[in-house]
Amino acid sequence: MESKIITNKAVRQALHDYWQQYKAYPFQSIVAFLMPALGSILVFFVPPLIVAKLVNIFVAEGRIPLIILIKYVSLFGGLWILGEIFWRIGFHFLISLETKGINNLAKNAFNLLADRDYNFYINNFVGSLTKKSLAFSKNFETFTDTLVFNVVNNIFPFIFVIIVLWRYSPWIPIILIICLIIVIIIAVPIIRRRSKIVAERHVASSNMVGRLSDSLTNMLAVKSFAKEKQEYITYGKYVDEFTIKFKEAADYQNLKFDTKVSPLYVGTNVIGLIMAIFFTQKFGLQAGAIIIVFSYYSQITRMFWEINRVYRTIESSMSEAAEFTQMFIEPPIIQDTENADTLKISEANISFNHAGFKYDFEKEKDEDERGSFLNDFNLDIKGNQKIGLVGPSGGGKTTITKLLLRFIDLQEGSITVDGQDIKEVTQKSLRENIAYVPQEPLLFHRTLLENISYGDEKATEDDVLRAAKIAHADDFINQLPQGYQTLVGERGIKLSGGQRQRVAIARALLKNSPILILDEATSSLDSESEKYIQEGLLELMKGKTAIVIAHRLSTIKHLDRIIVLDHGKIVEDGTHDELVKKKGLYAKLWSHQSGEFL
């Protein structure tokens with residue numbers, strides 16, 4: 001999924017999220033914003049006043065008496081030191097503010113991502129999500145630094161300068177303000193036009209990162225198909241697009257902004273010097289006025305360059321932050337109802353009642369579920385019953401499990417557990433009562449002990465070992481150099497498919513939920529491994545309502561009931577023996593797998 005141009009609503013949301021951090025810590029915010037500005041006045045704008053005073057004394061008397069020199073030099077140094085102290089105090093509270101803000105924003109970002117529904121992760125690259133999430137929290141530092149050091153730190157000194165210059169002549173600060181207004185009038189349209197180019201650059205950057213993440217995540221496929229060159233060429237196109245946008249933005253800055261503002265910068269300082277000399281001569285001001293006027297003009301005209309740099313920095317940080325908030329403008333498709341209850345399990349009866357569902361877009365469908373749908377679908381599963389779901393690919397098996405887990409929602413009808421509509425209970429309580437072992441279990445890049453104990457955060461090491469033994473994972477784990485402390489790699493890549501499945505089954509054993517869903521849980525096992533692990537699955541299903549999806553029918557032949565699905569409809573329902581005798585679709589599938597077909 002490629003990134004889109006960010007909207008104003010997303011920018012406003014990012015600003016709102018940042019503003020909430022300042023509101024949460026008002027004292028730290030006030031001190032962090034004001035102290036550096038006061039420090040700048042004492043460090044950069046008070047010293048010229050003292051120097052001008054000494055110059056005036058020297059011009060008037062031809063010398064500076066020692067007592068006066070000591071007095072003003074001490075004042076010079078003391079106020080400068082005080083300014084530095086103000087800076088240090090401001091920095092201290094700024095660090096505290098930014099640390100807390102980044103901490104809160106990073107945690108909030110995770111909550112927003114975790115709250116998204118199943119389709120969100122189908123339609124977004126994990127690499128892009130990671131980049132945007134980190135940028136959202138990290139740019140709070142950049143944004144706040146810019147406000148503190150380049151906005152507030154210029155506003156207060158500017159006010160101080162206007163007041164001081166006004167004492168010599170109102171025309172001196174008025175002309176300075178006029179020059180600044182001219183620069184703003186010229187600069188703002190240029191900056192706005194450039195912002196569109198920058199937005200396109202951000203989109204190109206996100207697309208480039210997403211493509212890189214996609215290639216690296218699937219590097220095994222890239223290498224197995226010998227497509228390194230093809231991926232290099234394709235990724236290179238994304239890099240080219242980004243660098244074109246990067247150069248376009250940089251050239252616009254250099255050729256449009258700098259070439260117009262640079263003469264104004266020089267011209268304003270020339271005007272400042274001329275006015276300092278002119279007013280000193282015309283109104284008989286002391287010589288120190290020349291130093292003050294020229295010094296202040298040169299200091300303030302630095303803001304000409306600051307206008308562009310500040311805007312670019314704020315724009316960049318806000319654009320990156322808004323790339324994240326834009327994904328959450330619309331609420332999650334799957335969300336809890338207001339005042340949702342907690343699911344209470346007694347028998348673990350499951351019912352699909354006149355259920356209707358169809359996929360609206362191709363991107364929402366798994367490859368093996370394309371075209372699947374449910375129409376007035378009814379299915380009752382009694383508590384503690386073990387059922388198998390079988391049928392051709394696209395029959396609706398995985399769709400049923402996703403609906404039960406509320407990864408997707410029905411458009412019609414309802415699903416109830418012990419009479420409770422799953423839409424009326426919290427997703428958390430629903431999923432806490434379901435142990436799910438998918439066809440492709442993804443493990444965390446953590447130790448085997450951590451991966452298994454993920455099923456129950458209160459589990460002891462003995463509990464983990466017991467679950468691993470039942471799942472027949474203990475044997476291969478003990479053969480590893482680090483045993484249960486072995487890191488399994490990203491998505492469990494260091495383990496074979498069968499080993500990952502055993503770890504997933506051990507994790508489900510620890511969870512010990514009243515409802516169990518096994519989606520091709522033995523698909524990655526060879527026949528010998530499957531024979532051993534059947535014992536673990538039988539133990540796992542004890543006392544539970546179990547739904548088992550399997551293409552390998554030997555996995556489910558012993559279950560209480562087998563449901564045969566075809567195009568979202570139940571075409572057969574019964575035990576293994578009953579369905580074989582019917583000589584229907586199940587019997588045909590069984591004959592193929594048992595060798596009769598050959």
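Structure: see above.
Reading guide: rules and limits
- Residues numbered from 1 in each chain as written.
- Predicted model: local features only at pLDDT ≥ 70, side-chain atom pairs only at ≥ 80, totals over all residues.
- Heavy atoms only, no water.
- Axes fitted to C-alpha atoms, helices over the stretch in contact; angles between N-to-C directions.
- Helix = DSSP H or I, 4+ residues; strand = E, 2+ residues; numbered from the N terminus.
- Parallel < 35°, antiparallel > 145°, perpendicular 65-115°, else oblique.
- Contact = heavy atoms within 4.5 Å.
- Nonpolar A, V, L, I, M, F, W, Y, C, P; charged D, E, K, R; others polar.
- Phe/Tyr/Trp six-rings, centres within 6.5 Å; stacked < 30°, edge-to-face > 60°.
- Buried < 20%, exposed > 50% of the residue type's maximum accessible area, 1.4 Å probe, protein only.
- Lys NZ or Arg CZ within 6 Å of the ring centre and 35° of its normal.
- Expected span 1.5 Å × (residues − 1).
- Bend = angle between axes of the 7 residues up to and from the residue.
- Salt bridge = Lys/Arg side-chain N within 4 Å of Asp/Glu carboxyl O.
- Pairing = 2+ DSSP bridges.
- Patch = residues over 30% accessible without salt bridge, like charges linked within 9 Å, V, L, I, M, F, W, Y side chains within 5 Å.
- Areas by Shrake-Rupley, 256 points an atom, 1.4 Å probe, with all protein chains shown as cover.

Undergrad: Explain the packing of helix 3 (residues 47–61) against helix 4 (residues 66–114) here, please?
TA: In a packed pair of helices, the relevant descriptors are the angle between the two axes and the axis-to-axis distance. Contact pair helix 3 / helix 4: the axes reach a minimum separation of 10 Å and the direction vectors enclose 170°. Comparing their axes, helix 4 and helix 3 come out roughly antiparallel. Judged by residue contacts, Pro47, Ile50, Val51, Lys53, Leu54 and Ile57 of helix 3 engage Ile68, Tyr72, Leu75, Phe76, Leu79 and Trp80 from helix 4. When its residues are assigned to classes, the contact of helix 3 with helix 4 shows 11 nonpolar, no polar and one charged.

Undergrad: Sorry if this is basic, but what is going on with the packing of aromatic side chains here?
TA: The geometry of two aromatic rings is summed up by the distance between their centres and the angle between their planes. Using the criterion set out here, one finds 19 aromatic pairs in the structure. Seen in terms of ring centroids, phenylalanine 324 and phenylalanine 328 are 4.8 Å apart; in terms of plane orientation they differ by 50°. Their pairing is tilted. Judged by relative accessible area, phenylalanine 328 falls into the buried class, the value being 12%. Among the aromatic residues, ring-to-ring pairing joins Tyr18, Trp19, Tyr22, Phe33, Phe120, Phe136, Phe140, Phe143, Phe324 and Phe328 into one connected group. When the ring centre of tyrosine 168 is taken as reference, the NZ or CZ atom of arginine 167 above it lies at 5.9 Å. One Lys or Arg, arginine 446, reaches over the ring of phenylalanine 444 and ends 4.0 Å from the middle of that ring.

Undergrad: Is there a simple way to think about helix 6 (residues 126–168) in this case?
TA: For helix 6, built from 43 residues, the straight-helix expectation of 63 Å at 1.5 Å per residue is met to within 8% by its first-to-last C-alpha distance of 62 Å. Of all the bends in helix 6, the greatest, near 35°, is centred on lysine 138.

Undergrad: What exactly am I supposed to notice about unusual backbone geometry here?
TA: Excluding glycine, residues mostly carry a negative phi; peptide bonds, for their part, are mostly trans. Look at asparagine 339: it is not a glycine, yet its phi comes out positive at around 60°. Locating asparagine 339 in the fold gives a position in the loop between helix 10 (288–325) and strand 1 (350–358). Classification of asparagine 339 by relative accessible area gives exposed; the value is 69%. One non-glycine residue, arginine 406, adopts positive backbone phi at about 60°. Exposure remark for arginine 406: the relative accessible area of 2% places this residue in the buried category.

Undergrad: Would you mind showing me how to read the side chain of threonine 146 here?
TA: Position of threonine 146 among the secondary structure elements: in helix 6. What makes threonine 146 buried here is its relative accessible area of 5%. Dropping the residues within four chain positions of it, threonine 146 is found in contact with Val151, Val310, Thr313 and Ile314.

Undergrad: Is there a simple way to think about the pattern of salt bridges in this case?
TA: Overall, the coordinates contain nine salt bridges when judged by the stated rule. Where arginine 211 meets glutamate 231, a salt bridge forms, and the shortest distance between an N and an O atom there is 3.4 Å. Here glutamate 231 lies in helix 9 (residues 228–282) and arginine 211 lies in helix 7 (residues 171–217), a separation of 20 residues in the sequence. Across the pair, exposure class does not vary: arginine 211 and glutamate 231 are buried alike.

Undergrad: Would you mind showing me how to read the packing of helix 2 (residues 26–45) against helix 3 here?
TA: Here helix 2 crosses helix 3 at 25°, and the two axes come no closer than 5 Å. In this view, helix 2 runs roughly parallel relative to helix 3, as classed from their interaxial angle. Here Ile41, Leu42, Val43, Phe44 and Phe45 of helix 2 come into contact with helix 3, specifically with Pro47, Pro48 and Leu49. The residue makeup of the contact of helix 2 with helix 3, split by class, is eight nonpolar, no polar and no charged.

Undergrad: Honestly, the sheet that holds strand 3 (residues 386–390) in this entry has me stumped. Any pointers?
TA: Hydrogen bonding along the main chain pairs the strands of a sheet, whether they run parallel or antiparallel. Spatially, six strands are ordered 6-7-8-3-9-10 in an open sheet, and the strand pairing comes out mixed. Looking at the sheet topology across the chains shown, the edges are occupied by strand 6 (434–437) and strand 10 (569–574). The sheet shows a mean angle of 15° between the axes of neighbouring strands, direction not considered.

Undergrad: Explain a nonpolar patch on the surface to me, please; I cannot follow it from the model alone.
TA: Judged by side-chain polarity, Ile30, Leu34, Leu38, Ile155, Phe156, Ile159 and Ile163 come together as a nonpolar surface patch covering roughly 600 Å² of accessible area. Elements represented by at least two residues in the nonpolar patch include exactly helix 2 and helix 6. Owing to a relative accessible area of 44%, isoleucine 159 belongs among the partly exposed residues under this scheme.

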